[in-house]
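The lines below spell out each chain.
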Amino acid sequence: METSSSLFLPIIIAFFLFLVKALLSKNLTRTRKPSSDDLPPGPWKLPFIGSLHHLVGGNSHRRFRQLAETHGPILHLKLGEVDLVVVSSPELAREVAKTRDLCFAARPQLTAGNILFNGHHGIATAPHGHYWSEIRKLCATELLSAKRVKSFAPIREEEAQNLIMAILRKTGSPVNLSEMLPYYTNAATVRAAFGREMEEKERFLAMMKEMMRVCSGFALVDLFPSLSFLGAATGLRRRMKKVWKEMDEVLEKVLGEEGDRRREAAGEEDIDEGVENSLVRILKRVKENGEFVKATLTRDNIKAIIVDMFAGGTDTTTITIIWALTEVLRHPKIMHKVQEEISKVLKGNDIIKDHDIQKMPYLKNVVKETLRMHPPGPLLLPRVCRETTRISKYVIPVGTRVIINAWALATDPKSWDDPESFRPERFEESEVDFKGTDFEYIPFGAGRRMCPGMLFGLAGIELWLGHLLYYFDWKIADGRNPVELDVEEEFGLTLNRKKDLCLIAVPRATLLESPLMQ
Ligand code: HEM
């Protein structure tokens, strides 16, 4: 949700379009009044835009926390025509994502979801129902299961080594890690999804980027659904259709090639294991064999699922590594402790393997602490109330969008000692985990809609971060001390570091003397 001051121009345009429409029809419709006095409290609202002005001038997770400090841990806001409830305490988050999970298991149906993939859903935007529960089951048992994630270990290791060698080639000059990292994290996802490198990888990744850009914008039409012409007036529909057309072309080609390769391989004893194990192959098998009992899996669904894996997985992975690296560089003692831990585990064998990571609890706690302070999805993904219900003593009308401010929960002094300090050791002293049962810490969400890609994401983050910390020391390009790195944020679809992370890599003996150099 974009909340910069640039929000106002589209609002003003929308306001005038609204007036014109109302005057032409001579039927000035009133904004629906709250259905009951029992709605949660919230800040004062203006006609037409509702509470939108309260979100200007800051990232929304921080604005919501400020509003919660004044009005309490459950807030009601009106964003244009849309009712929004934001919860900011572990007890209320538990009510939404556990006690009344079924009531809040739907996602809002937004313009993007209806245009991209011809309205055929992947996972994240799929309405709660048979299709969604079948695909979630498939994620748990096959697509993103622990066994499948483990089977991708060689891909992760190879891409991690490719990343290290690419950085090594730039020794002495600044490396923009915010630009370089996605290339390798995406390459690993491409290989997991399609079973091999992709001919049109550059084009596909550029399309993914454009798709994320189009979707992260402020979609006015989604806040004023009665003014459906806004989608055309703001050019959003046209941009979405254009992106989808190109993305569809690339995906059609990949799916077609995959079929050709299988036909060629039929009869051969050695069918390529990577292709056999790929996410696309599993999905095509499920489609061909009609393995979904209560729903149909279409070709467009397959494309949407693959795009969801990229959209849900690559940005979140890269951002977490960038934040972890930033925090570790700001805390040299932590850096030293991680390097020592990795050395100890490797015992002179200087190539980090996926399975080594399980013996590195401190590195894992660095990642945990990063996800506490800098969750890539600080507000999780929005849910929609499927039937009128209550949270605490307040009425939540059907159709209300509900957001859990996971960042506020994870930085609340009532739950955390010294929450603003980066201290991985706090997880040595506590049992709190991110598996969706400790509601003060839910960076992957909780309940039925919890992230199905947690294991896949963590496996990459831990391995790549381990590589970056073990094989290099780092300096800031402008000569400042790394402890001075800033932690300024920018929130679009995900919570990014505002400035790109540009560093100079200094290869350590661990790299120069390692088998990677042979
Ligand atoms: C650091 C890594 C990641 C983080 C922090 C993260 C976080 C999240 C969060 C907060 C949600 C919403 C949960 C809710 O509403 O309760 C989510 C949903 C989702 N994530 Fe992730 N994610 C990560 C990696 C991945 C990866 C690697 C994939 C796939 C390969 C993935 C695929 C998805 C999908 C498909 C959903 C939608 C689930 C649904 O609506 O049923 N995520 N993720």
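As annotated in an unreviewed UniProt entry, the protein is Premnaspirodiene oxygenase from Apostasia shenzhenica.

A.B. asks: For this particular structure, what's the right way to read the coordination of the iron atom of the ligand?
C.D. replies: Metal coordination angles have textbook ideals: 109.5 degrees for a tetrahedral set of four donors and 90 or 180 degrees for an octahedral set of six. Looking at the iron atom of the ligand, one finds just one donor atom contributed by the protein, Cys-451 (SG), at 2.3 Å. As for its position among the elements, Cys-451 is in the loop between α18 (406-410) and α19 (454-471).

A.B. asks: Sorry, what's going on with the sheet that holds strand β11 (residues 502-507) here?
C.D. replies: With antiparallel pairing, the three strands of this open sheet are ordered in space as β3-β11-β8. The two strands at the open ends of the sheet, each matched to only one other strand, are β3 (175-176) and β8 (472-476). Where β3 and β11 come together, two bridges link them in antiparallel fashion. Following the sheet pairing, Val-175 is matched in β11 by Leu-503.

A.B. asks: Teacher, can you tell me more about the pattern of salt bridges here?
C.D. replies: For side chains of opposite charge, pairing can occur when their charged atoms come near one another. If you walk through the whole model with that rule in mind, you get 40 salt bridges. With a shortest N-O distance of 3.0 Å, Asp-300 and Lys-303 are connected by a salt bridge. Placement of the pair is Asp-300 and Lys-303 together in helix α15 (residues 299-330), with a separation of three residues, close to one helical turn. Look at Lys-303 and you get buried, because its relative accessible area is 3%.

A.B. asks: Would you mind showing me how to read the UniProt feature "binding site: heme" (unreviewed entry) in the protein here?
C.D. replies: The feature "binding site: heme" (unreviewed entry), as given by UniProt, occupies Cys-451 in the numbering adopted here. In this structure Cys-451 touches Arg-136 and Phe-444, once residues within four positions along its chain are discounted.

Rules used throughout
- Residues numbered from 1 in each chain as written.
- Predicted model: local features only at pLDDT ≥ 70, side-chain atom pairs only at ≥ 80, totals over all residues.
- Heavy atoms only, no water.
- Donors = N, O, S within 2.8 Å, 3.2 Å for Na, K, Ca; no water.
- Helix = DSSP H or I, 4+ residues; strand = E, 2+ residues; numbered from the N terminus.
- Pairing = 2+ DSSP bridges.
- Salt bridge = Lys/Arg side-chain N within 4 Å of Asp/Glu carboxyl O.
- Buried < 20%, exposed > 50% of the residue type's maximum accessible area, 1.4 Å probe, protein only.
- UniProt positions renumbered as here; feature names shortened; annotations may be inferred.
- Contact = heavy atoms within 4.5 Å.

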